[in-house]
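Residues per chain are reported as follows:
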Amino acid sequence: MMKKRQLLTAIGLAGLGLLSQGQALAQADYPNKPIKLIVAFPPGGTSDVMGRLMSEELTKVLKQPVVVENIGGAGGIVGTDRAVKMPADGYTIIQTGVGQNAVAHGLDPNIKYNSVTDFIHLTQVHSGPNVLLVHPSLPFKTVKELVDHAKKNPGKLDYGYTHAASGHMAMELFKQTADIFLTGIPYRGGGPMLNDLLAGTVPMVFLNQDVALPHVKAGKLRALAVTSKERNALYPDVPTVAESGYKGFEALSWSGLSVAKGTPQPIVDKLEAAMAQAMQSANFKQRLTSTGFVIPSQGSKPYTEFVKSELDQWTRVIKTAGIKPQ
């Protein structure tokens, strides 16, 4: 009986050794099949563009197809929740971002995933400011003029917003920082809101810098400030909100790439290095900078810290504003 137990133990240990060797071989051979990159928004928007740009560059570096799969719904929550539940084997990369990994937690404290503990954040991919825009029919030329008017006429100045978008968050932070009361006009999408802004139906919005740029250049909209800490290269004459009297103000649109917690460290290391290499390509840099996006600090450590700080900031802003999920 004792000999039989010893034999079974030996077989079990040998099996574990073979399994461990097999896992090590699989990790060393990674990637040996196509990789999926989950974008939690429909095709066509900034998130999709960034995901496809990174998939294109990563395909070159990793020598395996990196294929974008769009899973939209609930402001990015549906796709992110599904992606983080997929096998943590490195064959599913998750696009993370301000909406689904920061704002979402402020809107719903009971969200099914935790953006700090359920992910291994690999690198931030892009960052871009919103622009405070007014219709040219308004007399304001500076943030100070707008704020002074709003304080003298509380609630009489309207703005447009799409629920929980980066522009909405920028406006809420701006109202709280400047201590002003404005009246929000909700829109289901950025397209209709932009059309009404151009028509003068709604007088003011915060909008992503790439979308705003052609209309500012054409003189159809006036830019009062950008929400980054430093001026944007495509808006060199437009001050930051911080420069305009609100030190430390920052509200960004951003995305990055992550994998599910539990992904083996050798694969994490390989992906992080591949992403750093991909973001050094001339094509990647030109595509981002030509539309006013900034290439942020790369790597897991700065991105992990950034996600946590963004989650904390937008949770505070949303709680103060009393914004509820739709």
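The text that follows walks through the structure, step by step, so that each part is easy to find. Chains are numbered independently. Their residues run from 1 in the order of the written sequence. Two thresholds apply to this predicted model, a pLDDT of at least 70 for residue-level local features and 80 or more for giving and counting side-chain atom pairs, whereas whole-chain, interface and lining totals are computed over all residues. Note that water and hydrogens are dropped before the side-chain values are worked out from all heavy atoms of the structure.

**What to know about the overall build of the chain**
- Strands here mean DSSP runs of E at least two residues long; helices mean DSSP runs of H or I at least four residues long; both are numbered from the N terminus. Per the secondary structure count, the chain includes 11 helices and nine strands.
- Taken along its principal axes, the extent of the C-alpha atoms in the chain is 90 × 40 × 30 Å.
- The buried label goes to any residue with under 20% of its type's maximum accessible area, the exposed label to any with over 50%, and the partly exposed label to all in between, with areas taken from a 1.4 Å probe on protein chains only. The proportion of buried residues among the 326 residues of the chain is 48%.
- Contacts in the chain between residues at least 24 apart in sequence constitute 77% of all its contacts with a sequence separation of at least 6.
- Working note: accessible area of the chain is about 15,400 Å², and carbon and sulfur atoms make up 56% of it.
- Computed over 33 positive and 25 negative side-chain charges, the inter-centroid distance for the chain is 4 Å. We call two residues in contact whenever any of their non-hydrogen atoms come within 4.5 Å of each other. Only the protein chains shown count as covering a residue, and every accessible area follows the Shrake-Rupley method with a 1.4 Å probe. Working convention for charge: Lys and Arg count positive, Asp and Glu count negative, and His plus the chain ends are omitted. Working definition for charges: the position is that of NZ of Lys, CZ of Arg, CG of Asp or CD of Glu.

**Some remarks on the environment of Ala-242**
- Summarising the element assignment, Ala-242 is placed in the loop between strand S8 (222–226) and strand S9 (252–260).
- Sequence-distant contacts of Ala-242, defined by excluding residues within four places in its chain, comprise Lys-247, Gly-248 and Phe-249.

**Focus: the packing of aromatic side chains**
- Ring pairs are drawn from Phe, Tyr and Trp, using the six-membered ring of Trp, whenever the two centres fall within 6.5 Å, and their geometry is named by plane angle: stacked under 30 degrees, edge-to-face over 60, tilted for the rest. For the structure shown, the criterion picks out eight aromatic pairs.
- With a centroid separation of 5.1 Å and an interplanar angle of 75°, the aromatic rings of Trp-254 and Phe-306 are classed as edge-to-face. One end of the pair, Trp-254, is in strand S9; the other, Phe-306, is in helix H11 (residues 300–321), with 52 residues separating them in the sequence. The residues Trp-254 and Phe-306 share a single accessibility class, namely buried.
- Members of the aromatic cluster, joined through ring pairs, are Phe-174, Phe-206, Tyr-246 and Phe-249.
- Stacked on the ring of Tyr-91, the Lys or Arg Lys-33 has its end atom at 4.6 Å from the ring centre. Our definition puts a charge over a ring when NZ of Lys or CZ of Arg is within 6 Å of the ring centre and also within 35 degrees of the ring normal.

**A look at the pattern of salt bridges**
- For salt bridges, the criterion is a side-chain nitrogen of Lys or Arg within 4 Å of an Asp or Glu carboxyl oxygen. This structure, assessed with the given rule, holds nine salt bridges.
- Glu-57 is the partner of Lys-60 in a salt bridge, and the nearest nitrogen-oxygen pair spans 3.5 Å. Taken together, the positions of Lys-60 and Glu-57, both in helix H2 (residues 46–62) and three residues apart, correspond to about one turn of that helix.
- On the basis of relative accessibility, which here comes to 46%, the residue Lys-60 falls in the partly exposed class.
- Taking relative accessible area as the criterion, Glu-57 reaches 3% and is therefore assigned buried.
- Residue Lys-144 pairs with Asp-148 through a salt bridge whose shortest N-O separation is 2.8 Å. Of this pair, Lys-144 and Asp-148 both sit in helix H5 (residues 143–152), four residues apart, which is roughly one turn of the helix.

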